[in-house]
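For reference, the chains in residue letters:
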Amino acid sequence: MPVFILGIESSCDDTAAAVVKDGVLLSNIVANQEVHRKYGGVVPELASRAHQQNIVPVVDQALKMAGIKSGDLSAVAFTRGPGLLGSLLVGSSFAKGFALAGDIPLVEVNHLQAHILVHFLKQTGRDVSMPTFPFLCLLVSGGHTQLMVVRDYLELEIIGKTIDDAAGEAFDKSAKLMGLPYPGGPLVDRYARDGNPDAFAFTKPVIKDLDYSFSGLKTAFLYFIRDRLKENKDFIEQNRNDLCASIQKTIVEILTDKLEKAFKQTGINQVALAGGVSANSGLRERVQWLARKHGWEVFIPEINLSTDNAAMIAMTGYVKFLAGKFAGLDSSPMARLPI
Ligand code: KG4
Ligand code: ZN
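Anyway, here's the lowdown on the structure attached to this text.

Quick notes on the rules
Residues numbered from 1 in each chain as written. Chains lettered and ligands numbered in written order. Predicted model: local features only at pLDDT ≥ 70, side-chain atom pairs only at ≥ 80, totals over all residues. Heavy atoms only, no water. Donors = N, O, S within 2.8 Å, 3.2 Å for Na, K, Ca; no water. Helix = DSSP H or I, 4+ residues; strand = E, 2+ residues; numbered from the N terminus. Pairing = 2+ DSSP bridges. Axes fitted to C-alpha atoms, helices over the stretch in contact; angles between N-to-C directions. Contact = heavy atoms within 4.5 Å. Near = heavy atom within 4 Å. Polar contact = N/O pair within 3.5 Å; in protein donor to acceptor, adjacent residues only side chain to side chain. Areas by Shrake-Rupley, 256 points an atom, 1.4 Å probe, with all protein chains shown as cover.

Some remarks on the coordination of the zinc ion (ligand 2)
Okay, step 1: Every protein donor of the zinc ion (ligand 2) is accounted for by His-111 (NE2), His-115 (NE2) and Asp-308 (OD), and the metal-donor separations fall at 2.0 to 2.1 Å.
Okay, step 2: Summarised as a motif, the one-chain spacing of the donors to the zinc ion (ligand 2) is H-x3-H-x192-D. Placement of the pair is His-111 and His-115 together in helix 3 (residues 111–117), with a separation of 4 residues, close to one helical turn.

Description of the sheet that holds strand 7 (residues 145–152)
Note: strands within a sheet are paired through backbone hydrogen bonds, in either parallel or antiparallel orientation.
Okay, step 1: With respect to topology, 5 strands assemble into an open sheet ordered 8-7-6-9-10, the strand pairing being mixed. Of all the strands in the sheet, just strand 8 (155–161) and strand 10 (297–299) have a single pairing partner and so form its edges. For this sheet the average axis-to-axis angle between neighbouring strands, irrespective of direction, equals 25 degrees.
Okay, step 2: Here helix 8 (residues 281–294) sits on the sheet and contacts strand 6 (135–140), strand 9 (270–274) and strand 10; the angle it forms with strand 10, its principal contact strand, is near 160 degrees.

Observations concerning the site of ligand 1
Okay, step 1: For ligand 1, the set of nearby residues contains 19 residues, the closest of which are Gly-142, Asp-172, Asp-189, Gly-276 and Asn-280.
Okay, step 2: Here Asp-172 contributes a side-chain N or O atom positioned 2.6 Å from an oxygen atom of ligand 1.
Okay, step 3: Taking Gly-185, its main chain carries an N or O atom lying 3.3 Å from an oxygen atom of ligand 1.
Okay, step 4: In isolation ligand 1 exposes 550 Å². Once the protein is present, 88% of that is buried.
Okay, step 5: Listing elements by their share of the shell around ligand 1, those giving two or more residues are helix 3, helix 4 (167–177) and helix 5 (185–192).

Keep in mind that these numbers describe shape and distance, not what the molecule does.
Written as structure tokens, this is what we have:
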């Protein structure tokens, strides 16, 4: 009997549903929430409301695209956390109702773990190379920056993490300082393509071991822009591409310096990227360059599987389904949930 898993993701501002059959992706639907753009960041109450509006049509579309009915499902997997509590509540309540009505098992998924396990998702007609255990993973999202050794599907060791801001925040906050709308990361990436990464130099932090810090860079960027604006009020408009290229280069180097260090410490040469920031073209290029330098085998998800999606939730649901790890109806969402 084939195993069909419905995955539901609602941890932040994307309402997403996907269906996976025996680990093969059948459908992957994401409804982005435009409502937050004008506020310069995600407004939690508005996110919850938009999830409520989107979730039924998004799940319906995911089932239709997969060509299955709800009765065919083997289990429903949902994001338990980490994320915005109100947003998580919408997805988890929906998943519980769905499981109860269909009398199918419920699987709770850690969003961060799912970003990693997306590397094991198969796609029809596409030859996806997958990492073998153990591999190094740099998980870079809007709220997290972690380096880990992944030893098995559900077993990993965190060997480095940020002591303050996440890499995604560094991108988004820098973008905000340049007057760019939220989320700024993809826009910095776009402008950086036409800029000179060596136009402006920003100091990289000195942090021990494999840990990261991004708050000092944010402050340095703030003061730099403030001082230049005093001399020239059009400084940002006149230098946007160079500013984006330079800040991106610095963030990417901070990330990859520790990745290189982790490789040297562990000797593991299979390297995976995960999370929204792994969509960044500068990071992708630098990791590919390091791969050639050190002989790494690199794994980077497609762009739409790097940023938040439900395919990764369904895939993790499949892994946990096979391991017999089910959740009860009393499972509650957690805003903070260690991996
Ligand atoms: O994993 P994700 O989609 O959501 C969370 O789990 O947080 O990551 C979102 C983060 C945001 O900070 C966003 O600006 C960043 O990923 N991001 C990017 C790019 N695409 C998304 N940052 C830099 N360059 C990109 N192309
Ligand atoms: Zn994410």
